[in-house]
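# Examining the three-dimensional arrangement
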Amino acid sequence: MEELIYLGTGAAMNTDRFTTALLLRDGLKGRHFLMDTGGGNGILHRLRQADIPPEAITDVFISHHHTDHILGAPWLMRLSGHGKQRHPDWPPLHIYGSPALLDTLMAVCRPILPSSVLDMIGSHIRLVPVESGTTCPIGPWQVTFFDIGAAKVEQYGCQIRLQTGERLVYLGDEPLRAPGMPYAREADYLIHEAYIAHPGEGRFSPKSIGHSTVAEAAANARDAGARHLILFHSGLDATPTRRQDYISLARETFTGEISAPNDLDSLFFEHRPKENHQ
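Here is a short report on the structure shown in this document. (Residues numbered from 1 in each chain as written. Predicted model: local features only at pLDDT ≥ 70, side-chain atom pairs only at ≥ 80, totals over all residues. Heavy atoms only, no water.)

Before going further, it helps to examine the overall build of the protein chain. Along its length, the protein chain carries eight helices and 14 strands. Relative to a compact globule of 278 residues, whose C-alpha radius of gyration would be 19 Å, the protein chain shows 18 Å and is just as compact. Considering only C-alpha atoms, the protein chain reaches an extent of 55 × 45 × 35 Å along its principal axes. Considering the protein chain as a whole, with its 278 residues, one finds that 53% of them fall into the buried category. (Helix = DSSP H or I, 4+ residues; strand = E, 2+ residues; numbered from the N terminus. Rg over C-alpha atoms; globule rule 2.2 N^0.38 Å. Buried < 20%, exposed > 50% of the residue type's maximum accessible area, 1.4 Å probe, protein only.)

Next comes the structure, spelled out in structure tokens:
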């Protein structure tokens, strides 16, 4: 049984939910693939809450170098390094990202990680550079990484071939644009960032900070012919009706399935016939 666990669903300044961290789990084979690491050591707390043993985190993808996506990685590296010191059979940690992203990660880690952990980089801790279009076998999945054509910084997404035969597409935290469309087209599950621009927010516009409204995310999913739209990376909107508000707004534009998860929610995958939701 494959499961997507939403460890963190909030945007950078969201203090009500943890920042971006999505974990794909194969419950039968015990493999895990983590997409983004959140903004700090809260990733360790979220893993514990989700009952994920720390040694299970062996494959990590970081979409880009913003704080809310990359700063959990040094904690995972430290955790894995110390684990290897104490338990010789602790499995290696693989971190996937663009060459520029991995350079940034090293620049962050050199002054803050213990030398004993830094010495493991290249052996136990393995940084795996990927280019746009690279496909890697990760556990039971085929994962293709791609440049999403982000407006602010270089940013990658990934397309995952699930064991059901379906495709899960993660777009990082910017809108679906032309470079990502070949990967997102007819996706079974499309993970897309989205904000609600509340009337009381005055000058705030999601587009002004490189993000989408819910309606724009829904239109992108419709145009891609996606089956299931997953809305995440939302702002400071901890209202009792947050989930319903997001789904209701998206429903005005997109007729497929819609999710607006909270932290520690899960999605289980099962094969379904394809439909087109234009």
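Next up on the list: the packing of helix 1 (residues 42-49) against helix 3 (residues 73-86). In contact at an axis separation of 8 Å, helix 1 and helix 3 are set at 65° when each is read in the N-to-C sense. Put simply, helix 1 runs roughly perpendicular to helix 3. Contacts from I43, L44 and L47 of helix 1 reach helix 3 at W75, L76 and L79. Across the contact of helix 1 with helix 3, the residue classes break down as six nonpolar, no polar and no charged. (Axes fitted to C-alpha atoms, helices over the stretch in contact; angles between N-to-C directions. Parallel < 35°, antiparallel > 145°, perpendicular 65-115°, else oblique. Contact = heavy atoms within 4.5 Å. Nonpolar A, V, L, I, M, F, W, Y, C, P; charged D, E, K, R; others polar.)

Our next topic: the state of the cysteines. Applying the stated criterion across every chain, the model contains zero disulfides. Of the cysteine sulfurs around C136, a residue in no disulfide, the closest is that of C158, at 11 Å. (Disulfide = S-S within 2.5 Å.)

Take the sheet that holds strand 1 (residues 2-8) next. In any sheet, the strands associate via hydrogen bonds between backbone groups, in a parallel or an antiparallel arrangement. Spatially, the seven strands line up as an open sheet ordered 6-5-4-3-2-1-14, and their pairing is mixed. Among the strands making up the open sheet, the edge pair consists of strand 6 (125-129) and strand 14 (266-268). Looking at each pair of strands side by side, their axes are set apart by 20° on average, direction ignored. The strands that helix 3 touches are strand 3 (31-35), strand 4 (59-61), strand 5 (93-97) and strand 6; relative to strand 5, the one it contacts most, it runs at about 155°. (Pairing = 2+ DSSP bridges.)

Using the criterion set out here, one finds five aromatic pairs in the structure. With 4.3 Å between their ring centres and 5° between their planes, F146 and Y183 make a pair best called stacked. Taken together, the positions of F146 in strand 8 (residues 141-147) and Y183 in helix 6 (residues 181-184) put the pair 37 residues apart, joining distant regions of the chain. Residues F146 and Y183 agree in their burial class; the two are buried. Considering the side-chain rings of Y189 and F269, the 4.8 Å spacing of their centres and the 75° angle between planes classify their relative orientation as edge-to-face. Taken as a pair, Y189 in strand 11 (residues 189-193) and F269 in the segment after strand 14 lie far apart in primary sequence, 80 residues in all. Relative accessible area serves as the criterion here: at 2%, Y189 is assigned to the buried category. Sitting over the face of the ring of Y246, R242 holds its NZ or CZ atom 5.3 Å from the ring centroid. (Phe/Tyr/Trp six-rings, centres within 6.5 Å; stacked < 30°, edge-to-face > 60°. Lys NZ or Arg CZ within 6 Å of the ring centre and 35° of its normal.)

When the terminal C-alpha atoms of helix 3 are compared, their 20 Å separation across 14 residues agrees well with the 20 Å that a helix rising 1.5 Å per residue should span. Of the positions making up helix 3, those classed as buried are A73, P74, L76, M77, S80, G81, H82 and G83. (Expected span 1.5 Å × (residues − 1).)

A few words on the side chain of S80. Checked against the element boundaries, S80 lands in helix 3. Residue class for S80 comes out buried when judged on its relative accessible area of 3%. With residues up to four places along the chain from it excluded, the contact list for S80 reads W90, P91, L93 and H124.

Direction vectors running N to C along helix 3 and helix 4 (residues 99-109) enclose 70°, while the axes themselves pass 10 Å from each other. When the axes of helix 3 and helix 4 are compared, the pair comes out roughly perpendicular. For the crossing formed where helix 3 meets helix 4, the hand is right-handed. The segment helix 3 lies against helix 4, with A73, P74 and M77 engaging L105, V108 and C109. (Left-handed = near helix turned anticlockwise from the far one by under 90°.)

Strand order in the open sheet formed by seven strands is 7-8-9-10-11-12-13, and the pairing between neighbours is mixed. Unpaired on one side and paired on the other, strand 7 (135-138) and strand 13 (257-259) mark the two borders of the sheet. Across the sheet, the axes of successive neighbouring strands diverge by a mean angle of 20°, strand direction being ignored. Pairing analysis gives three bridges linking strand 12 (residues 228-232) to strand 13, with the strands arranged parallel. Residue L229 lies in a different strand from strand 13, and its bridge partner there is I258. Where helix 7 (residues 214-224) meets the sheet, its contacts fall on strand 11 and strand 12, and the angle it forms with strand 12 comes to roughly 150°.

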